[in-house]
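Now for the letters of each chain:
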Amino acid sequence: MNLIIINGPNLNLLGKREPEIYGKETFGDYFEQLKGLYPDISLTYFQSNSEGALIDKIHEVGFSIDGIVLNAGAYTHTSLAIADAISGISSPVVEVHISNVHKRESIRHKTFVGPVAVGTIAGFGLDSYRLAIEALLKR
Ligand code: DQA
């Protein structure tokens with residue numbers, strides 16, 4: 001089983017960025033714990049602040065990998081191009097958000113990723129990523 005977590009813009013700042021919303025843990029620390037929970041899965045991680053780099057990564061892995069856990073950050077709410085990239089690949093994508101975007105500003109209620117993802121997990125803090133992995137493992 002090969003899975004990838006792809007994080008979009010500003011998620012490199014986890015641990016420092018708005019900790020009251022996103023928590024105090026860095027993604028690096030969390031990712032090490034996740035790998036420990038799933039020793040039999042090949043789990044990789046990619047982050048970019050650039051829309052094009054995210055699309056390139058989705059294209060690169062999207063015909064061979066067993067699943068993509070995608071937190072597209074703010075591009076979730078704006079990027080038809082990322083949605084088109086997901087529509088164009090064969091690997092399943094689970095949309096993830098750390099915060100409950102539906103409880104936040106109305107601009108965060110719109111998601112371009114949701115309609116092309118197999119499902120969405122939002123609002124469980126960093127545990128949202130683990131829940132997405134569980135969802136992919138059960139498919
Ligand atoms: C986020 C929610 C988005 O609205 C925001 O732009 C992010 C993070 C989340 O994980 O809660 O960057 O995707």
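Up top is the structure.
Parameters and conventions
Residues numbered from 1 in each chain as written. Predicted model: local features only at pLDDT ≥ 70, side-chain atom pairs only at ≥ 80, totals over all residues. Heavy atoms only, no water. Phe/Tyr/Trp six-rings, centres within 6.5 Å; stacked < 30°, edge-to-face > 60°. Lys NZ or Arg CZ within 6 Å of the ring centre and 35° of its normal. Near = heavy atom within 4 Å. Polar contact = N/O pair within 3.5 Å; in protein donor to acceptor, adjacent residues only side chain to side chain. Areas by Shrake-Rupley, 256 points an atom, 1.4 Å probe, with all protein chains shown as cover. Nonpolar A, V, L, I, M, F, W, Y, C, P; charged D, E, K, R; others polar. Core = buried A, V, L, I, M, F, W, Y, C linked by side-chain atoms within 4.5 Å. Buried < 20%, exposed > 50% of the residue type's maximum accessible area, 1.4 Å probe, protein only. Helix = DSSP H or I, 4+ residues; strand = E, 2+ residues; numbered from the N terminus. Contact = heavy atoms within 4.5 Å. Salt bridge = Lys/Arg side-chain N within 4 Å of Asp/Glu carboxyl O.

Below, the discussion takes up the packing of aromatic side chains. If you walk through the whole model with that rule in mind, you get six aromatic pairs. Connected via pairs of aromatic rings, a cluster forms that spans Phe 27, Tyr 30, Phe 31, Tyr 45 and Tyr 129. Above the plane of the ring of Phe 112 lies Lys 110, whose end atom (NZ or CZ) is 4.7 Å from the centre.

Bringing the site of the ligand into the picture now. Around the ligand sit Arg 17, Tyr 22, Asn 71, Gly 73, Ala 74, His 77, His 97, Ile 98, Ser 99, Val 101 and Arg 108, and those are all the residues in its vicinity. Ala 74 places a main-chain nitrogen or oxygen 3.2 Å from an oxygen atom of the ligand. Here Arg 108 contributes a side-chain N or O atom positioned 2.9 Å from an oxygen atom of the ligand. The protein chains hide 99% of the 320 Å² of surface that the ligand would expose on its own. Within the shell around the ligand, the residues separate by chemical class into four nonpolar, five polar and two charged.

Now for the nonpolar core. In this structure, Ile 5, Phe 27, Leu 34, Leu 43, Val 69, Tyr 129 and Ile 133 are the most contacted members of the largest nonpolar core, which totals 22 residues. Put simply, the parts of the chain that give this core at least two residues each are strand E1 (2-7), helix H2 (27-37), strand E4 (93-97) and helix H5 (127-137). When neighbours within four sequence positions are excluded, Leu 43 is seen to be in contact with Leu 3, Ile 5, Phe 31, Leu 34, Lys 35 and Ile 133. Counting 18 residues, the second largest nonpolar core, distinct from the first, contains Val 61, Tyr 75, Val 93 and Val 113.

Time to look at the environment of Ser 79. Positionally, Ser 79 belongs in the loop between strand E3 (67-71) and helix H4 (80-87). The exposure class of Ser 79 is buried, given its relative accessible area of 1%. With 34 residues separating them in the primary sequence, Ser 79 and Val 113 have C-alpha atoms 8.1 Å apart. Those residues in contact with Ser 79 that lie beyond four places of it in its chain are Glu 51 and Phe 112.

Structurally, Thr 76 is set in the loop between E3 and H4. Excluding residues within four positions of it along the chain, Thr 76 makes contact with Glu 95, His 97, Lys 110, Thr 111, Phe 112 and Val 113.

Here we take up the pattern of salt bridges. Under the defined criterion, the tally for this structure stands at seven salt bridges. Put simply, Arg 17 and Glu 18 hold a salt bridge, and the shortest N to O gap is 3.9 Å. We classify Arg 17 as buried; its relative accessible area is 18%. Owing to a relative accessible area of 35%, Glu 18 belongs among the partly exposed residues under this scheme. Put simply, Glu 60 and Lys 57 hold a salt bridge, and the shortest N to O gap is 3.2 Å. Of this pair, Glu 60 and Lys 57 are both found in helix H3 (residues 51-61), three residues apart, which corresponds to roughly one turn of the helix. The network of salt bridges with common partners includes Arg 104, Glu 105 and Arg 108.

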